[in-house]
Each structure stands twice: as C-alpha cells, then as structure tokens.
Amino acid sequence: MMLTHDILIVGGGLTGLRAAVGLCDKFNVGLISKVYPVRSHSIAAQGGINASLANNPDGRDDTWEKHTFDTVKGSDYLGDQDAIEIMCKEAPGIVYEMEHWGCPFSRFPDGTIAQRPFGGGGFPRTCFSADVTGHSLLNTLYERAVYKKVKIYPEWFVTSLCVEDGQCHGVIVLDIKSGELIPVRAKVTVFGTGGYGRVYRNSTNALINTGSGIGMAYKAGVPLKDMEFVQFHPTTLIGTNILMTEGCRGEGGYLLNNKGERFMQKYAPTAMELAPRDIVSRCIMTEIEEGRGFEHPLGTYIELDLRHLGKKKIIERLPGIRSICMDFIGIDPVKKPIPIMPSQHYSMGGIDVNEKGASPIKGFYAAGECACVSVHGANRLGGNSLLDTIVFGKLAARAIEEELPKDKLKPKEKPLLSLKAQVEKKINKLTQAGGERPYKLAADLGAVMSEKVGVFRTKKEIAQALDEVKKIKERYINVSVSSADPHMNYELHNAIELEYMLEVAHTIVLGALLREESRGAHFRRDFPKRNDKKWLKHTIAKMGKKGDPLISCKQVKITNYQPMERKY
Amino acid sequence: MISDTYTFKILRYDAKEPKKEPCFASYKIKVIPGLTVLAMLLRIRDEIDGTLSFRSSCRSAICGSCAMVINGKIDLACRTQVAVFETDTIILEPLPNFEVIKDLVVDMTPFWDMYEKIQPYLIRKSSEPEKEIYQSEKNRKKIDQFVNCILCACCYGACPVLNRDGNYAGPAAMAKLQRFSLDSRDERSAETLETFNSEEGVWGCDTVFRCIEACPKDVRPTDGIVGLRKTLLKNKAKDIWRSIKR
Ligand SMILES: Cc1cc2nc3c(=O)[nH]c(=O)nc-3n(C[C@H](O)[C@H](O)[C@H](O)COP(=O)(O)OP(=O)(O)OC[C@H]3O[C@@H](n4cnc5c(N)ncnc54)[C@H](O)[C@@H]3O)c2cc1C
Ligand code: SF4
Ligand code: SF4
Ligand code: FES
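Residues numbered from 1 in each chain as written. Chains lettered and ligands numbered in written order. Predicted model: local features only at pLDDT ≥ 70, side-chain atom pairs only at ≥ 80, totals over all residues. Heavy atoms only, no water.

A. The layout of surface pockets, seen in detail. Of the voids in this model, the second largest pocket is the one considered here, and its volume is about 1100 Å³. For the second largest pocket, the lining is made up of 40 residues, of which I315, P319 and G320 of chain A together with D144 and N148 of chain B are closest to its centre. Every element with two or more residues in the lining of the second largest pocket is listed here: α9 (310-317) and α10 (319-329) of chain A together with α3 (137-147) of chain B. Examining the composition of the lining of the second largest pocket, we find that 8 residues originate from one element, α10 of chain A, more than from any other. By residue class, the composition of the lining of the second largest pocket is 17 nonpolar, 8 polar and 15 charged. A domain split of the lining of the second largest pocket shows at least three residues from each of domain 1 (3-49 + 67-84 + 130-230 + 346-414) and domain 2 (234-344) of chain A. (1 Å grid on protein atoms, 1.4 Å probe; cavity = no way out; pocket = protein on both sides within 12 Å on 5 of 7 lines; lining within 4 Å. Points joined across faces, edges and corners; volume = space filled by probe spheres on them. Helix = DSSP H or I, 4+ residues; strand = E, 2+ residues; numbered from the N terminus. Nonpolar A, V, L, I, M, F, W, Y, C, P; charged D, E, K, R; others polar. Domains from an automatic or database assignment.)

If you want it as structure tokens, here you go:
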C-alpha cells in the first residue's frame, strides 16, 4: 500500500493544524500525528501568546515595532531581524483570527482580550486564556480542523523522512494500531513535530517530545541551526519538573531564597522576577550553588511565592497552577510557597528554514518548535513560541500555496519503497532478542545532557558529554526490544526515536563545544562574555559522510537594531 | 503498614488475539513516595515488561491521554499518587464503555464521533469585526468550566446510560455542545440543538452525576445537559408562542 497526498503535514500541534487549516481548501492534505492532535504538547502551554494589541491600560502605546525590539534584545541579537519583524507584525492578526475561530481568551472589563506582562517584554502584551492558553488555542485549531474536515491520521508514527536528489518524496509511517508500515508520498512534506525536551532528564516537556522529527530531517540530510541554544525555564516543580508558568511572576509572584530575600533585586533591579528566562535561571542556579537554596529529597530548590496575590486572584488567573501543585506535590499555593528549580524547557535550535518555513531541500518545510527560522535567537521570550507556531504554520501554508502550482514537483515511489525496506530491516534488527533495552540508553543520555550541557557550561564538561554521547551511540547498535510484534508496541517506538534523540543530542553538544562565548541561554563559564566579532552568527549542523555532524556558520540578519549590551 | 514494594495488577488483553481471554498480570515494583501511577507504568514498561501498552503524553493532567480505572475508580493515571491508596496493591483496568485495543488502550472512535457530531466549533453568521469580538468577563465566565474539558473520556467511561445504550451522545459531547451554545459569540441556530432533543441526546441522561464524580477537571457535564434541556424547552415555548400569535 502506498498513500498519496499533495501535501503531507506531520504534527497535530498548533503548527501542523494551522498549516493544514490554511491548505485544505485548495489541496489534498493529510495530517499525521503519533497522538490524537489534542494530546500534542501544545496543549500544555500555560502562560500566553504575545501580540501588541495595546488592550492593557498600562500598554496603550505598544506597537509591533516595540514587540520586535524586545524580541531582538531577548534573543541576545542572534535572532534574524527580518523574520522577527514579520512575526511581530502578523501577531495581532493571528490573535484576532484565533479569537474569531472561537478561542476563549480571558477578557478585560471592557470586553477586549486581556493581556498581562511577561518576562523580557517592555509592555503587558501577553494574551491569555487563564493559565491554560495552549489548551484553549489547540482546542480552537482542532475545532477549526474538524470544521474544515481536514483528513487526519491519528496515532500514526512517522519513522523516517524520504529525501533523494535534493528533493523530499514523503515519509514512512508505522500505523501504531495495525503495526503496518506505510509509505506516504507527497509533493510537499511539512514538519510541525515539536521540540526535543526529552533528550534531557529534567524537562518540562511532554513525554512524547523526543525531537524525532528534527533527528529524522537531519539524518535525511536537512541542516539544523543553532542547536546549542536550549532554554531552561527558571520555575519548574521539583521532582516532576512540571512547568510553573511565567504568568505566576507576571501576576506578581516572588522568588525567594532560604534567607527569605527576593534575590532578583541583586541581579536585575529593574525587571526583578520578570527578567528573561536565561537570566533568571542563572540567578536561581547561583543562589543554589552559593548555599541559599532549600534542601529536599527531590533536590535543592528556591521558593516561588504567590501567597500575597490572594486566593481570589490565584483562583481566577492561575487555577491550573493551583491544581497541579495540589495534585503533584500536595501544596496549595494560596497557603504555601511552591518549591521550584530550573529545567530544560524549549528548543531554540531546530531544522534550518527561512521565514517561509522552507528548508534547503525541495518540497520539505518545517515550522514551530522543531524549526529554527530564527526568531528566538539565543533565548526565546515567554509567549513568543505559541506565536511562532501559528504565524509560521500560517506563512508556510501561504508559501506552499504559491509555490506548489509553479514547482511541478514529482515525488517518486522508488526512493520511498527502498526506504521502507530499510525501515523494515531496522525493525527486524531491533526486535531481535539479547541486546540492551532502550530505556537504559535514554536514561543515560538524559543524565549526561542535564548534568553536563545545562544552564552553566564548561569546555571540560561539554567534552565529556561529547564522549559519552558517542559511547551511547555505539551501544545503540545493539539495542533490542521485548516484542517483535509491531502492533501497539510503544517500546519499539521508543527504540526508533532513541536513534534520532542521539543525533539531536550530538548536534547540541558539538555546537555548545564550538561556541566559545556566552549568549542568551548558552552560558560558558570559561567564556562568560558575548563575542560579537567572532560569534554573531548561526551555527549550521549537517550530517557528515561518516555520520558525525559538520558545523558551519551563517550570517545573522540585522535590519534596524545594532547589538547592544543586554541589561534588565 | 504498607511496604514500599507495590504489586500492580494490570488487566491485559489484545484485540488482535481475541481467543485469549483478558487476564491480570502482576508486577512487583518499589515505589518512592510522591510517584504517580503513570510514572510506575512507565517504569514497568521500561524495566519489567516492554509489551505493556498504555497511552501517555503530558504527564501533567492536561492532555487527556491516560484515563483508566485505578483500584475501581476512573481517573487519570498521571495525576493519581500511588500513595493515596491504603493498600500496596494497585489494580489497573481499561476505561469502561469502550472496546479494548490492547491492555489499557481503548478505541476512542465512538467518543470522537460524538464529539464531531455536535459541531464542536464556533458558528458565526455575522461578519467578523476587524479586531476581537467583544465578550464581557461575565459571559466568558459562563463557559469556563466547559472550556476546561480535556477530552479524556473519564466521564464517558463512568456513564451508566452509555453502558446500556452506545448510541447516547454522552457527557463530554453534551458539555462541549453547551460550551458553544452558551458562548456569547456563537450564533448557531435553534435547529442545530434540535438534533439532540432526543433520548440519544439530552434526554438520555439519568442525571445520576457519575460523570461529575469522574471528571478530573471539575467539569460538570450534567450542568451542561440540564442547561441544554432548558434552552430546548425555552425554544419550544417560543415556537408555540409564535404559532399562537400567528
Ligand atoms: C509546559 C510548557 C508550557 C509552555 N507555555 C508556553 C506559553 O505560555 N507561551 C508560549 O508562547 N509558549 C509556551 N510553551 C512552548 C510552546 O508550547 C511550544 O513551543 C509549542 O506548543 C510547540 O508547538 P508545535 O506545534 O511546534 O509542536 P507540538 O505541539 O509539540 O506538536 C508536535 C506534533 O508532532 C507530532 N509528532 C512528533 N513526532 C512525530 C513522529 N515521529 N510521528 C508522528 N507525529 C509526530 C506529535 O504527535 C504532535 O502532534 C510552553 C512549553 C511547555 C513545555
Ligand atoms: S449524569 Fe447523565 S451523562 Fe452524567 S453519567 Fe449520569 S447519565 Fe451519564
Ligand atoms: S468532561 Fe471531564 S471527564 Fe469528561 S472528557 Fe471532559 S475533562 Fe474528561
Ligand atoms: S498523560 Fe496527559 S493527562 Fe495523563
């Protein structure tokens, strides 16, 4: 069996759904997702989405230009300014569009969409739906997809991307329920496969965020960009690392050390708790390293105190946070501070694409967290990622609509069939008994990444991490799973994804080793300053002939904003 | 006293091999305090039995993947602490009122079919304003509880009417219908509600509130159903009034 679509979208998160909704009227579109779309990680976004609507009485003179400046500065000048301008200009339009499609945004007393302050923003421009903004947006887009009758293949797991002669031909899919391998041919393939958080042991991301899409594209020869930039969110619940949204601080929450001090005063006297994430994460780690954290069997922590906001505000604006705290750590934030620590949160780097979502490979597009345009540069601002997914999902769709009729792409069957045979062989090998089980390698990988390629980095530790990743890659050759039946075999999926996780990790580590400066989320203790002369550029990772990544550089696009020192 | 070694008894079945009766498999595993049922399931699959099937994604009670029966109670595995039970045996079974695909994974097709049937999207007739459609805080609040539904189907599994009659639309779909019907921006016609003016729709419910008990997100589907009944009755009264006047 071979399935054919004009356009194949992989990913049922905000990116994939937005692209599908934009294209389904004119083309034969299929959308594949390894989980039901509403189970995608986008559902978990809490805090909100940025747009210069200027609805907030304290932000009446907000404009898209100011949003652009905050984003450029937040990116530590690594973001491409032309792309950031496009995103910020589109922002109000897409927020209104989502509202017209039914998104239940929270409201101001005048009936307009409510906006709150977020880290790194000069204005209160984060639109939200209580503290379940991702849930509201994703449901709205899914509803729209149902309305538009988008053809969806839920619980289909993509195992590989098919690229030959500089052109993308489609993907190979494993139907999770039947266990069947199906080649899917398409003129255009779009990835909206999300981030790679689970490459780290401590991550706020869903369990399904393995970054397999990024690894798959890389293995098929698509370059990756800026992989060393990994965001660590300052406030995640100890133990499970479930996110405590920046909205907690946006609504006025404090960070306290074991002396009861609001320590952000020392580091960012103006922005305080609302300094950008990279900075707050480093401040928390410093407090902990210098002995001002609290001890707990689950790890050393800092307190996020919401008590002074009062019960009413907490229940109205942060109900999800309150129930997570009660369910997962038995604490009511109305009565007690929340124990938090920084952990991996967001993938700034990803598949190298332009502002149309187009990669260097013909017929292959990517957008959202799996892609790197780059609009987030070295550090993403809170509320800009939901924006990124919908804006670039939409713009990719628009570009495809224009290009597809012109391009006359003819995807071929032959490369798909030979790739399918390769996948079959691989699955056969994985299902041979006797090797190491995949979870052990995944656990070792997560530990190495969290411990050695984290908030603070040094040459020595990164070099060790590189060694260890290579060793785990060697062990991978002998991995095997318990059952040879591909039907409902989640362990087999894990084993297949593990290969891609290892590739992703390899590019992160190598990028981190080479970049001898500190910029945004990438902080080298041995090179604590930003070095614009040498490093105001993107790193590009391509898989070399022997399977190791080759790193090259690409210029950053600067339009109006010359790099300055970042102070908050 | 409860030891730190727990026994998980999991009902296993594979629809691909219908001849093999469902049966419980037991797994013994050490539990650290604070861990959830989902965390233990992941460990069992990783460390003991790689063939075990269950769904999971967010591990934070927001994606709706992991509904199942835990020691007789329907809940999300990811938000249930192992330690809340006064026993060291945890029994896990798939969500009722669905066909099992394998182990704890059920076929959600009927649930999604009902969801799609209620036209789960904002229906507008007026032209869109340039900016947002205004909505008062009060009107936004009206839909709040229904907006919070994560489509986990805990309610669907708990509903006694669905147990008798698979054609009943079920609590989640009705709650979703009310989410749109109550939205001040929605302009669906009275006829779209009429489709559910039947025993397979709003009148099928026995109002025994099992769905409310089962919902992990404090949605009250029965409120939705009762609200829809009122709207339907009001619409009918209006029709009668109109025909009298005519
Ligand atoms: C806890 C949390 C809170 C957040 N809060 C905010 C916020 O307040 N504001 C903000 O701007 N950003 C926030 N973010 C970031 C934001 O949510 C994500 O970056 C964004 O939702 C990613 O969307 P996406 O569409 O790119 O990918 P996802 O939503 O992750 O979707 C990926 C899709 O790809 C599919 N997929 C992946 N691999 C495969 C495969 N191999 N085969 C088949 N299908 C596959 C999955 O099934 C899924 O449908 C938050 C992130 C986290 C972790
Ligand atoms: S109240 Fe109605 S919908 Fe809810 S469980 Fe009972 S019969 Fe089912
Ligand atoms: S109403 Fe509650 S139980 Fe039912 S699907 Fe929604 S969240 Fe789940
Ligand atoms: S894993 Fe998402 S609700 Fe349990």
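B. Local environment of the interface of chain B and chain A. Contact with chain B, which involves 62 residues of that partner, is made by 56 residues of chain A. Buried surface at the junction of chain B and chain A, both sides included, amounts to about 4800 Å², of which 53% is carbon and sulfur. Across the contact surface, chain B and chain A share 5 salt bridges. Summed over the shared surface of chain B and chain A, the result is 32 residue pairs in polar contact (both at pLDDT 80 or more). Elements represented by at least two residues in the side of chain B that touches chain A include exactly α1 (37-48), β6 (100-102), α2 (109-117), α3 and α6 (171-181) of chain B. At 6 residues, the largest contribution of residues to the side of chain B that touches chain A is made by α1 of chain B. Here the side of chain B that touches chain A is built from residues that sort into 27 nonpolar, 13 polar and 22 charged. (Contact = heavy atoms within 4.5 Å. Buried area = accessible area lost by both parts, 1.4 Å probe. Salt bridge = Lys/Arg side-chain N within 4 Å of Asp/Glu carboxyl O. Polar contact = N/O pair within 3.5 Å; in protein donor to acceptor, adjacent residues only side chain to side chain.)

C. Local environment of the domain arrangement of chain A. Residues and elements named next belong to chain A. Considered domain by domain, chain A is made up of domain 1 (3-49 + 67-84 + 130-230 + 346-414), domain 2 (234-344) and domain 3 (418-555). Just the C-alpha atoms count here: the centres of domain 1 and domain 3 sit 20 Å apart. Contact residues are listed per partner, giving 47 residues for domain 1 and 52 residues for domain 3. In terms of surface lost to domain 3, no three residues of domain 1 exceed V199, Y218 and E228, which account for 18% of the buried area on that side. Joining domain 1 to domain 3, the criterion identifies 7 salt bridges. The partner of E228 in a salt bridge is R515, and the shortest N-O contact between them spans 2.7 Å. Put simply, domain 1 and domain 3 have 25 residue pairs in polar contact (both at pLDDT 80 or more) between them. Among the secondary structure elements, those contributing two or more residues to the side of domain 1 that touches domain 3 are β7 (156-164), β8 (167-175), β9 (181-191), α5 (212-219) and β10 (224-225). Taken together, the residues that form the side of domain 1 that touches domain 3 break down as 23 nonpolar, 12 polar and 12 charged.

D. Quick peek at a nonpolar patch on the surface. Among the surface-exposed residues, I240, W241 and I244 of chain B lie close enough to one another that they form a single nonpolar patch of about 360 Å² accessible area. Mapped onto the elements, I240 of chain B comes out in helix α9 (residues 221-245). (Patch = residues over 30% accessible without salt bridge, like charges linked within 9 Å, V, L, I, M, F, W, Y side chains within 5 Å. Areas by Shrake-Rupley, 256 points an atom, 1.4 Å probe, with all protein chains shown as cover.)

E. Quick peek at the site of ligand 2. Residues and elements named next belong to chain B. Taken together, 14 residues sit near ligand 2, with C159, C205, V208, F209 and C211 positioned nearest. Elements supplying a minimum of two residues to the shell around ligand 2: α5 (160-164), α8 (210-214) and α9. Grouping the amino acids of the shell around ligand 2 by side-chain chemistry returns 10 nonpolar, 2 polar and 2 charged. (Near = heavy atom within 4 Å.)

F. Focus on the sheet that holds strand β14 (residues 338-347) of chain A. All names here are of chain A. If you walk across this open sheet you meet the 4 strands as β11-β14-β13-β12, and the pairing is antiparallel. Two strands in the sheet have a free side with no partner beyond their single neighbour: β11 (230-237) and β12 (254-256). If you compare each strand with its neighbour and ignore which way they point, the axes differ by 45 degrees on average. Here β11 pairs with β14 via 6 bridges, running antiparallel. Across the sheet, F232 pairs through a bridge with Q344, a residue of β14. (Pairing = 2+ DSSP bridges. Axes fitted to C-alpha atoms, helices over the stretch in contact; angles between N-to-C directions.)

G. Representation of the environment of A153 of chain B in the model. Residue and element names in this part refer to chain B. By the element assignment, A153 lies in the loop between α3 and α4 (154-158). In the structure, A153 is positioned 88 residues away from S65 in sequence and 9.1 Å away in space, judged by C-alpha atoms. With residues near it in sequence (within four places) discarded, A153 still touches L95, F98, M108 and F111.

H. Geometry of the site of ligand 3. What surrounds ligand 3 is the set C149, I150, L151, C152, A153, C154, C155, A172, C215, P216, V219 and P221 of chain B. Its residues assigned to classes, the shell around ligand 3 comprises 12 nonpolar, no polar and no charged.

I. Expanded view of the sheet that holds strand β3 (residues 49-50) of chain A. All names here are of chain A. Read across the sheet, 3 strands follow the order β3-β5-β4 without closing on themselves; strand pairing throughout is antiparallel. Edge positions in the sheet fall to β3 and β4 (115-116), since each of these pairs with one other strand and no more. Bridge analysis of β4 against strand β5 (residues 126-127) gives 2 bridges, and the strand direction is antiparallel. The residue of β5 that forms the bridge with Q115 is C127.

J. Region of interest: the state of the cysteines. All names here are of chain A. Scanning all chains against the criterion turns up 0 disulfides over all chains. No disulfide involves C24; its sulfur sits 19 Å from that of C103, the nearest cysteine. Owing to a relative accessible area of 16%, C24 belongs among the buried residues under this scheme. The closest cysteine sulfur to the non-disulfide-bonded C553 is located on C372, 13 Å from its own sulfur. (Disulfide = S-S within 2.5 Å. Buried < 20%, exposed > 50% of the residue type's maximum accessible area, 1.4 Å probe, protein only.)

K. Main features of α2 of chain B. Listed in full, the buried residues belonging to α2 of chain B are F111, W112, M114 and Y115 of chain B. Along the axis of α2 of chain B, the buried residues cluster in a sector spanning 160 degrees; they form a single face. Each element contacted by the buried residues of α2 of chain B is listed here: α4 (133-147) of chain A together with α4 and α6 of chain B. Directly after α2 of chain B, the chain includes Q119 of chain B, whose backbone phi takes a positive value near 55 degrees. (Arc of directions from axis to C-beta.)

L. Examining the side chain of Q145 of chain B more closely. Residue and element names in this part refer to chain B. Secondary-structure assignment places Q145 in helix α3. Here the side chain of Q145 touches R220 through a polar contact of 2.6 Å, landing on its backbone nitrogen. A polar atom in the side chain of Q145 sits 3.2 Å from the side chain of D223. Look past the residues within four positions of Q145 in its chain and what remains in contact with it is D218, V219, R220 and D223.

M. Representation of helix α1 (residues 14-23) of chain A. All names here are of chain A. Of all 10 residues making up α1, 9 are buried, and the element is well covered by its neighbours. When α1 is considered as a whole, its buried residues turn out to be L14, T15, G16, L17, R18, A19, A20, V21 and L23. Each element contacted by the buried residues of α1 is listed here: β1 (3-10), β2 (29-33), α3 (81-100), α4 and α11 (384-407).

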